[in-house]
Amino acid sequence: MDNQAAGGLAVEGVSVEFGGLLALDAVSLECRVGEVVGVIGPNGAGKTTLFNVVCGFVRPTSGRLVLNGRTLVHHRPHDLARLKVARTLQGVGLVPGLTILENVMLGAQSLLKADFLSALLGAWRSSQEETRCRRRSRALLDELGIGEFAGWYPGALPYGVQKRASLARALIADPALLLLDEPASGLSSDDMDELGGYLKSLSSRMGVLLVEHHMDLVMSTCDRLVVLNFGRVIAGGTPNEVSADPEVTRAYLGEEVRRVPDTEGPGPDA
Ligand SMILES: Nc1ncnc2c1ncn2[C@@H]1O[C@H](COP(=O)(O)OP(=O)(O)OP(=O)(O)O)[C@@H](O)[C@H]1O
Ligand SMILES: [Mg+2]
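Residues numbered from 1 in each chain as written. Chains lettered and ligands numbered in written order. Predicted model: local features only at pLDDT ≥ 70, side-chain atom pairs only at ≥ 80, totals over all residues. Heavy atoms only, no water.

Engineer: Could you give an account of the sheet that holds strand E1 (residues 8-18), naming the residues involved and the relevant values?
Structural biologist: Sheets are built from strands that pair by backbone hydrogen bonding, the pairs being arranged parallel or antiparallel. Pairing within the open sheet is antiparallel, and its four strands lie in the order E2-E1-E4-E5. The open sheet has two edge strands, strand E2 (21-32) and strand E5 (70-71), and neither has a second partner. With eight bridges joining them, E1 and E2 adopt antiparallel strand pairing. Looking across to E2, one finds that Gly8 is bridged to Arg32. Relative to the sheet, helix H2 (residues 47-54) contacts E1, E2 and strand E4 (62-67), its axis offset from that of E1 by approximately 115°. (Pairing = 2+ DSSP bridges. Helix = DSSP H or I, 4+ residues; strand = E, 2+ residues; numbered from the N terminus. Contact = heavy atoms within 4.5 Å. Axes fitted to C-alpha atoms, helices over the stretch in contact; angles between N-to-C directions.)

Engineer: An account of the pattern of salt bridges is requested, with residue identities and associated values reported.
Structural biologist: By the definition in use, this model includes eight salt bridges. Put simply, Glu35 and Arg224 hold a salt bridge, and the shortest N to O gap is 2.8 Å. Separated by 189 residues along the polypeptide, Glu35 in the loop between E2 and strand E3 (36-40) and Arg224 in strand E9 (residues 224-229) bring together distant segments of the chain. For Arg164, the salt bridge is made with Asp191, and the minimal N-O distance between the two is 2.8 Å. With Arg164 in helix H7 (residues 159-171) and Asp191 in helix H8 (residues 189-202), the pair connects residues that are 27 residues apart, well separated along the chain. With a relative accessible area of 18%, Arg164 lands in the buried category. Taken together, the shared-partner salt bridges connect Glu30, Arg32, Glu35 and Arg224 into one network. (Salt bridge = Lys/Arg side-chain N within 4 Å of Asp/Glu carboxyl O. Buried < 20%, exposed > 50% of the residue type's maximum accessible area, 1.4 Å probe, protein only.)

Engineer: Hey, could you go over the site of ligand 1 for me, with residue numbers and the actual values?
Structural biologist: Taken together, 14 residues surround ligand 1, and among them Asn43, Gly44, Lys47, Thr48 and Thr49 come closest. Asn43 is positioned with one of its side-chain polar atoms (N or O) 2.9 Å from an oxygen atom of ligand 1. Take Gly46: an N or O atom from its main chain is 3.0 Å from an oxygen atom of ligand 1. Relative to its unbound accessible area of 640 Å², ligand 1 is 61% covered by the protein chains. The set of elements that each furnish at least two residues to the shell around ligand 1 consists of E2 and H2. When the residues that make up the shell around ligand 1 are grouped by side-chain class, the tally is five nonpolar, seven polar and two charged. (Near = heavy atom within 4 Å. Polar contact = N/O pair within 3.5 Å; in protein donor to acceptor, adjacent residues only side chain to side chain. Areas by Shrake-Rupley, 256 points an atom, 1.4 Å probe, with all protein chains shown as cover. Nonpolar A, V, L, I, M, F, W, Y, C, P; charged D, E, K, R; others polar.)

Engineer: Residues and numbers for empty space enclosed by the protein, please.
Structural biologist: By the definition in use, this model includes one cavity of 30 Å³ or more. The calculated volume of the largest cavity comes to roughly 50 Å³. What lines the largest cavity is a set of 14 residues, among which Gly8, Leu67, Asn68, Ala176 and Leu177 lie closest to the centre. Only E1 and E2 provide two or more residues apiece to the lining of the largest cavity. Its residues placed into classes, the lining of the largest cavity shows eight nonpolar, four polar and two charged. (1 Å grid on protein atoms, 1.4 Å probe; cavity = no way out; pocket = protein on both sides within 12 Å on 5 of 7 lines; lining within 4 Å. Points joined across faces, edges and corners; volume = space filled by probe spheres on them.)

Engineer: Tell me what's going on with the sheet that holds E3, and back it up with residues and numbers.
Structural biologist: Taking strand neighbours across the sheet as the criterion, the six strands line up as E6-E7-E8-E3-E9-E10 in an open arrangement whose pairing is mixed. One side of each edge strand has no neighbouring strand; the edge strands of this open sheet are strand E6 (85-88) and strand E10 (232-237). For this sheet the average axis-to-axis angle between neighbouring strands, irrespective of direction, equals 15°. The pairing of strand E7 (residues 177-181) with strand E8 (residues 207-211) spans five bridges and is classified as parallel. When the sheet's bridge partners are listed, Leu178 is paired in E8 with Val208. Strands E3, E9 and E10 of the sheet are contacted by helix H11 (residues 246-253), whose axis makes an angle of about 125° with E10.

Engineer: Describe the confidence of the model for the chain, naming the residues involved and giving the relevant values.
Structural biologist: Predicted confidence across the chain gives a mean pLDDT of 85, with 85% of residues reaching 70 or more. Counting interchain partners and residues more than four positions distant, the pLDDT-below-50 stretch residues 1-5 has twelve contacts. Here residues 255-270 is a poorly scored stretch, pLDDT under 50, and it has eight contacts once near neighbours within four places are set aside; other chains count. (pLDDT = per-residue confidence, 0-100.)

Engineer: An account of the packing of aromatic side chains is requested, with residue identities and associated values reported.
Structural biologist: The description of an aromatic ring pair rests on the distance of the ring centres and on the angle between the ring planes. Taken as a whole and assessed by the stated rule, the structure comprises one aromatic pair. On the basis of an interplanar angle of 80° and a centroid distance of 5.7 Å, the ring pair of Phe149 and Trp152 is categorised as edge-to-face. For Phe149, a relative accessible area of 16% puts it in the buried group. Given the relative accessible area of 42%, Trp152 is considered partly exposed. (Phe/Tyr/Trp six-rings, centres within 6.5 Å; stacked < 30°, edge-to-face > 60°.)

Engineer: Tell me what's going on with the nonpolar core, and back it up with residues and numbers.
Structural biologist: One finds Ile40, Leu141, Leu167, Leu171 and Leu178 to be the most contacted residues of the largest nonpolar core, which totals 49 residues. Top element by residues in this core is H7. It accounts for six residues. Summarising the domain contributions, this core has at least three residues from each of domain 1 (1-84 + 175-258) and domain 2 (94-174). If we ignore the near neighbours within four places in the chain, the residues touching Leu167 are Thr88, Leu144, Leu178, Leu180, Leu195 and Tyr198. (Core = buried A, V, L, I, M, F, W, Y, C linked by side-chain atoms within 4.5 Å. Domains from an automatic or database assignment.)

Right, dumping it as structure tokens:
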């Protein structure tokens, strides 16, 4: 198994219990560099909990994580930059008192030798360090089409711009594994199309684990899907395989992909 996980993440039989609630029940999945893996499922299925386990915010009750062939033992959120793992939060999570550019630079703080707050006050260990980080942050903002907002504060900007900035903040650490928790929530359908293309392009240099409720985006962007329901993996496979799985339709996709039965019963318009 360790070999299979080389160059990516393997979640192996991970369970998480909150009080009496089994939020994850022996969940296994893999995400390798070069692929976008979607994690889908109804509200409360355990998707964010899964991310919290990978990021070291929540300790699994049982099971293990293997990253690039090595088992992670008691890792913590502050280890993520070193492990080359980055995530975006469900929502936005930008710091309101910092500009968009500063927020993106904040994503690099654990990579910097100088502490970020002192850095903001001008005490960077070297001016090259600051210049390099600033240049890279600006380039990412441009790449995401929001360069013009670098000097703005998040609260003054549309939600879609804030979402892109939070993606830039995750990318500044140059991750090998990127975890995205509902990156398309609140985006227009044009923004969503662009995001899908961008995520595909990112996967050439990293593994992308995508939690998302927008099925159009999931189906067009993901190489593989894992479906959670009540903390359990109920299906996995290509988007086509998963959308044809009756258990998935029952548990989650429901109305969206319901097919008219061949021989019996009324169709959806009846
Ligand atoms: N810290 C916690 N303490 C207790 N219960 C929790 C905690 N975090 C999550 N849960 C519970 O665990 C279950 C899984 O929650 P989780 O947030 O992972 O679901 P989700 O799939 O991300 O849902 P959504 O699609 O709504 O974001 C839910 O029943 C939730 O109430
Ligand atoms: Mg969630």
